[in-house]
Amino acid sequence: YVLKDPTGHGICDAINKEIYLIGNPDKRIDEDAIRLLRILKFYKEGFKIPKKTMTAFRRNFHKICNADTERIREHIEY
């Protein structure tokens with residue numbers, strides 16, 4: 001397997017169990033509201049969520065209502 005880390009921080013973040021959204025968290029959530037569910041999944045696994053990411057999560061959680069229901073189901077079932 002080849003692990004790509006375009007930011008140069010991802011591997012360390014994974015080792016330290018921290019979850020970040022690259023760039024502007026609000027913009028990343030706008031691009032794909034399913035990221036909200038991924039944040040929850042990582043949080044459940046014991047990852048720390050930085051304040052900037054958590055603030056964007058709370059501010060944008062309502063956007064999950066606009067996400068594709070099939071994609072939501074895939075993330076909930078697995």
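Read on for an overview of the structure. Note that the coordinates shown come from a computational prediction; the quantities given were computed from them, not determined experimentally.

**Re the side chain of Asp32**
Tracing the sequence through the fold places Asp32 in the loop between α2 (25-31) and α3 (35-44). A residue is classified by how much of its surface remains accessible, and Asp32, at 15% relative accessible area, is buried. Within the structure, Asp32 has its side chain in polar contact with the backbone nitrogen of Ile34 (distance 3.1 Å). Residues contacting Asp32, with those up to four places away along its chain left out, are Arg38 and Arg71.

**With respect to the packing of aromatic side chains**
The final tally for this structure, using the stated rule, is two aromatic pairs. Measuring from ring centre to ring centre gives 4.9 Å for Phe42 and Phe47, while their planes differ by 70°; the resulting arrangement is edge-to-face. Taking 5.3 Å as the distance between ring centres and 45° as the angle between the ring planes, the aromatic pair formed by Phe57 and Phe61 counts as tilted. Take Phe61: its relative accessible area is 34%, and that puts it in the partly exposed class.

**Observations regarding the environment of Leu36**
Looking at the element boundaries, Leu36 is found in helix α3. In sequence terms Leu36 and Lys4 are 32 residues apart; their C-alpha atoms lie 22 Å from each other. Aside from chain neighbours lying at most four places away, what touches Leu36 is Ile29, Phe57, Asn60, Phe61 and Ile64.

Rules used throughout
Residues numbered from 1 in each chain as written. Predicted model: local features only at pLDDT ≥ 70, side-chain atom pairs only at ≥ 80, totals over all residues. Heavy atoms only, no water. Helix = DSSP H or I, 4+ residues; strand = E, 2+ residues; numbered from the N terminus. Buried < 20%, exposed > 50% of the residue type's maximum accessible area, 1.4 Å probe, protein only. Polar contact = N/O pair within 3.5 Å; in protein donor to acceptor, adjacent residues only side chain to side chain. Contact = heavy atoms within 4.5 Å. Phe/Tyr/Trp six-rings, centres within 6.5 Å; stacked < 30°, edge-to-face > 60°.

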